[in-house]
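# Structural overview for review
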Amino acid sequence: MSHKRLSHLLLLAGGIAGVGALGVLIDYARMLALRAVERPGMALRYWGLLVFLCLVAAVYGAALYQYMRISRRIGKNQSFCRENVGSMRAIACLMGAAAGMWAGLMIVLRLLSSIGVGVEMLLFALMCMASAAIGLVAYVLTQLLRRATQLQEDNDLTI
């Protein structure tokens, strides 16, 4: 498979993931806004969740942007370059931050006793674990990519 074709497929997958995540974000935000209107006593909780959701969406958006940058460089036949190592490291850090944000949200909600162990808490735990797993995989790939980049640079110098 050519580099350009692979790059196009990666960009398409990233675009689909981004649009899907945006759709889920908009739907959940709409639901939180409706709940805040229906239950004025719980409005602060729902608006707080909405603000949190926007913040964590910005973190995921930044990670997706780094992914798109890597995909574009692959299309230019620059798979093993220092910029990709930096972008992969950024993805690992951003996903780790997102996992920490989800864990922090669960702790705060539990301490405030505003949410029990229900569907929302399980969803938050799933998002925390998925973000941590993606961050860990990105970190391992960063180390592999760093080594491949060093080998590529050494190979270019010997030719």
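Look up: the structure comes first, before these words.
The structure presented is a predicted model; accordingly, all values stated were derived computationally and were not measured.

## Considerations on the packing of aromatic side chains
Scanning all chains against the criterion turns up 2 aromatic pairs. For the pair F52 and W102, a centre-to-centre distance of 5.1 Å together with 75° between the ring planes defines the contact as edge-to-face. Pair noted here: F52 is in helix α2 (residues 43-75) and W102 is in helix α3 (residues 82-111), with a separation of 50 residues, a long-range link. In this structure, F52 and W102 share a single accessibility class: buried.

## Let's talk about the nonpolar core
Residues L32, L49, L53, V56, W102, L105 and F124 are the most contacted members of the largest nonpolar core, which totals 21 residues. Secondary-structure elements contributing two or more residues to this core are α1 (3-38), α2, α3 and α4 (119-158). With 8 residues, the single largest contributor to this core is α2. Aside from chain neighbours lying at most four places away, what touches L49 is L32, L105, L109 and F124.

## Considerations on the state of the cysteines
For the structure on display, the rule yields 0 disulfides. A disulfide-free cysteine, C81 has its sulfur positioned 18 Å from the sulfur of C93, the nearest such atom. Its relative accessible area of 11% is what places C81 among the buried residues. C128 forms no disulfide, and the closest cysteine sulfur to it belongs to C93, at a distance of 16 Å. Judged by relative accessible area, C128 falls into the buried class, the value being 15%.

## Topic: the pattern of salt bridges
Applying the stated rule across the entire model yields 4 salt bridges. Among the salt bridges present, the one from R35 reaches E120, with a minimum N-O distance of 3.0 Å. Within this pair, whereas R35 is found in helix α1, its partner E120 is found in helix α4, the two being separated by 85 residues in sequence. A residue is classified by how much of its surface remains accessible, and R35, at 25% relative accessible area, is partly exposed. Close ionic contact of R45 with E120 constitutes a salt bridge, the shortest N to O distance being 2.9 Å. Pair noted here: R45 is in helix α2 and E120 is in helix α4, with a separation of 75 residues, a long-range link. Here the two residues R45 and E120 agree in accessibility, since each one is buried. Connected through salt bridges with shared partners, the residues R35, R45 and E120 form a single ionic network.

Conventions and cut-offs
Residues numbered from 1 in each chain as written. Predicted model: local features only at pLDDT ≥ 70, side-chain atom pairs only at ≥ 80, totals over all residues. Heavy atoms only, no water. Phe/Tyr/Trp six-rings, centres within 6.5 Å; stacked < 30°, edge-to-face > 60°. Helix = DSSP H or I, 4+ residues; strand = E, 2+ residues; numbered from the N terminus. Buried < 20%, exposed > 50% of the residue type's maximum accessible area, 1.4 Å probe, protein only. Core = buried A, V, L, I, M, F, W, Y, C linked by side-chain atoms within 4.5 Å. Contact = heavy atoms within 4.5 Å. Disulfide = S-S within 2.5 Å. Salt bridge = Lys/Arg side-chain N within 4 Å of Asp/Glu carboxyl O.

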